[in-house]
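Chain by chain, the residues:
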Amino acid sequence: MSYKSFKNPVIRGFYPDPSVCRVENKYYLVASSFQYFPGVPLFESEDLINWKQIGNVLTRKSQLPLDGVESSCGIFAPTIRHNNGRFYMTTTNVTGGGNFYVCTDDIYGAEWSEPIYVEQEGIDPSFYFENGKTYFMSNGHDKDGKSAIIQSEIDIETGKLLSEPRALWSGTGGRYLESPHLYKINNCYYLMAAEGGTEYGHMVTYARSENLWGPYEPYAENPVLTNRNLGGYPIQGIGHADLVDDINGNRWIFHLGFRQIHRWLTFHHLGREVFLMPVDFHDDGWFTAGENGTTTEEVSTDKIPGEIIQHFKNIFTFQNIESYEWRFLRNPDAENYIFGENSLKIKSSADTLDSIGSPSFIGLHQKEFVMELSVRITANDGEAGVTIYMDENHHYDLSFNGAAVKLKLNIGDIKQEKVSTPANEKETLLKIKSDAINYEFFCGDTSLGKAQTRYLSSEVAGGFTGVVIGLYSQYGEQEKFNEFRDFKLEYKQYNPLT
Ligand code: 6LW
């Protein structure tokens, strides 16, 4: 037997709430996107461990109205499923419209449909298809007002409820019962959920039944997967999971987790990422997951062919970034951005990085603790720069206005212009280097100082997102573009255990 080892997370950076489906030998995965546009990034894989983004599901304002949406609101957890040749993605816009789904017959080509709304309470909607019927589940409440996973039958053409939502299971008593997914495996229904909240107490639990509507019997050893008892381990917050089978009949659990910045520092700023562990079904019909019910950074398995090599994209330049990898804040004005061969021009909008509007900002999710970034900026109007952005109240900005390079730190109510150094040329070179603990900011080769990663973490900023590295323009008054050239972002893998 040949053992293959792969590294977690398999998708790195802020891509929370993964949901996966397989069609023949290809897997498709979606993640939450909150206030970012386009919404619900879509990935593809042929081997479970190498993932490539192939687009985004929500690409139009009519599907994704985000005006004035607060950070970490907007689009919550999605589910992707394939039925009768059609892909469906369901999610919640918590700021407007609630639960809805979109569909496409061609995941590589046409854009997805307009939203079809479903009048069912709760978040984390999911589908189960059987015998021409569609069942729709979400988190919600039972008749007594207690948290429960609820399910209705819907008309898949119109989204109309064909039955009242009914409670299926109330979990094991953990807070925030959410993330329901239903599967039929070997003639038995399995209802999986997450509990404990998406922080250090997060966990995956499940129950099973011979009947679609229950009663559901909980797995006696719940939680089936959690790292909540692994103090000091760098991977935490394991939960919100989806099962998928491969073409050889092996089963896998995709789920979210996060990497804390150091064994003894319980902060994470890269957001919740995508992890993968094997699942084992036993003769009694119950399943176990992961390594003794936990998620590890290094996974050794005989279920992935030995010849498959895990690659990560570690260098990002204007030439190799796919258009759909860029993230904008809320609904952007496309006229503020001009893409060239090795250049990007950005014109200020009326909004700034400190607002919940749509500042002129175009970003990439930070994928590794250790990175080196450089970009050449020609400033023509207002301020142009690079921001290490968690939300409007938590961001570090390295900026240039044609006269000075400034490092500005924004940590909640504390805002400090840490350094300002004169730079009289119209063009300057900005650099940022980071490790798990600090960012260091440079004008050319001159260091302007450091700022700690922890103040941009979810533990400090709150919310559900992770750091996005943004190129921005603001405070322009003449409708002129600032120009960014020679952008290079290079990552190194790093294990906080070593
Ligand atoms: C998501 C919920 C959760 O909808 O956090 O960790 C919410 N799980 O299931 C936002 O990501």
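Thresholds applied
Sequence positions are assigned chain by chain, starting from 1 and proceeding in written order. In view of the model being predicted, local features appear only for residues whose pLDDT reaches at least 70, and side-chain atom pairs are presented and counted only at 80 or more, with totals across whole chains, interfaces and linings using the full set of residues. Side-chain metrics rest on all non-hydrogen atoms present in the structure, leaving aside hydrogens and water. The rule for a salt bridge is simple: a side-chain nitrogen of Lys or Arg has to be within 4 Å of a carboxyl oxygen of Asp or Glu. Helix and strand assignments come from DSSP, with helices taken as H or I runs of at least 4 residues and strands as E runs of at least 2, each series counted from the N terminus. Whether a residue is buried, partly exposed or exposed follows from its accessible area with a 1.4 Å probe, protein chains only, as a fraction of its type maximum: under 20%, in between, or over 50%, in that order. Contacts were defined at the residue level, with two residues in contact if any of their heavy atoms lie within 4.5 Å. Where a domain begins and ends is set by an automatic assignment or by a domain database. Accessible area that two parts lose when put together, with a 1.4 Å probe and added across both, is what the buried area reports. For the purposes of these results, a polar contact is taken to be a pair of N or O atoms within 3.5 Å, where, inside protein, one atom must be able to donate a hydrogen and its partner to accept one; residues adjacent in sequence count only when each atom of the pair is a side-chain atom. The rule for a residue being near a molecule or strand is that one of its heavy atoms must lie within 4 Å of it. With residues, only the protein chains shown are counted as cover, and all accessible areas are computed by Shrake-Rupley using a 1.4 Å probe. Charged residues are taken to be Asp, Glu, Lys and Arg, nonpolar residues to be Ala, Val, Leu, Ile, Met, Phe, Trp, Tyr, Cys and Pro, and polar residues to be all remaining types, Gly included. Any two strands between which DSSP finds at least two bridges are classified as paired. In this text, buried Ala, Val, Leu, Ile, Met, Phe, Trp, Tyr and Cys residues form a nonpolar core when linked through side-chain atoms within 4.5 Å.

Trainee: How would you explain the pattern of salt bridges if you had to name every residue and give the values?
Mentor: Within the structure shown, the criterion is met by 24 salt bridges. Between Arg-272 and Asp-17 there is a salt bridge, with the nearest N and O atoms lying 3.8 Å from each other. Here Asp-17 lies in the loop between strand 1 (4-7) and strand 2 (19-23) and Arg-272 lies in the loop between strand 20 (251-259) and strand 21 (273-281), a separation of 255 residues in the sequence. Using a relative accessible area of 7% as the deciding quantity, one classes Asp-17 as buried. Of the charged contacts in the structure, one is a salt bridge between Glu-114 and Arg-60, with a shortest N-O distance of 2.7 Å. Taken together, the residues Glu-114 in the loop between strand 9 (98-104) and strand 10 (116-117) and Arg-60 in the loop between strand 6 (52-58) and strand 7 (79-83) connect sequence positions 54 residues apart. When its relative accessible area of 23% is taken as the criterion, Arg-60 is described as partly exposed.

Trainee: Give me the side chain of Thr-90: which residues, what numbers.
Mentor: By the secondary structure assignment, Thr-90 is in strand 8 (residues 86-93). Thr-90 has contacts with Ala-77, Pro-78, Thr-79, Phe-100, Tyr-101, Pro-125, Ser-126, Phe-127 and Phe-136, leaving out every residue within four places of it along the chain.

Trainee: Could you give me a rundown of the domain arrangement of the chain, with the residues and numbers involved?
Mentor: Split by domain assignment, the chain resolves into domain 1 (4-301) and domain 2 (315-492). A separation of 32 Å is found between the C-alpha centroids of domain 1 and domain 2. A buried area of about 3400 Å², summed over both sides, lies between domain 1 and domain 2, and 56% of it is on carbon and sulfur atoms. Where domain 1 touches domain 2, the interface holds two salt bridges. The interface formed by domain 1 and domain 2 includes 24 residue pairs in polar contact (both at pLDDT 80 or more).

Trainee: Can you lay out the site of the ligand for me, pointing to particular residues and giving the numbers?
Mentor: Among the 13 residues in the neighbourhood of the ligand, the closest are listed as Asp-17, Asp-124, Thr-198, His-240 and Arg-272. Here Glu-178 contributes a side-chain N or O atom positioned 3.1 Å from a nitrogen atom of the ligand. Here an oxygen atom of the ligand and a side-chain polar atom of Arg-272 are 2.7 Å apart. Computed on the free molecule, the ligand has an accessible area of 300 Å², of which 98% lies beneath the protein chains in the complex. Of the residues that constitute the shell around the ligand, the class distribution is six nonpolar, three polar and four charged.

Trainee: Outline the pairing of strand 19 (residues 235-245), supporting the account with residue identities and numerical values.
Mentor: Burial analysis of strand 19 places ten of its eleven residues in the buried class, the great majority of the element. In the sheet, strand 19 pairs with strand 20 via eight bridges, with the strands oriented antiparallel. Looking at strand 20, one finds that Asp-245 is bridged to Arg-251. Linking two consecutive strands that pair antiparallel, namely strand 19 and strand 20, is a turn of five residues; a positive phi of about 90 degrees is found at Gly-249 within it.

Trainee: Help me get a handle on the nonpolar core, residues and values and all.
Mentor: Ranked by size, the top nonpolar core spans 63 residues in total, and within it Ile-388 and Leu-471 carry the most contacts. Built from parts of two domains, this core gets at least three residues from each of domain 1 (4-301) and domain 2 (315-492). In contact with Leu-471, other than residues within four places in its own chain, are Phe-318, Trp-326, Leu-344, Ile-346, Ser-360, Phe-361, Ile-362, Gly-385, Val-386, Phe-484 and Phe-487. Residues Val-204, Ile-238, Trp-252 and Leu-276 belong to the second largest nonpolar core, which totals 42 residues.

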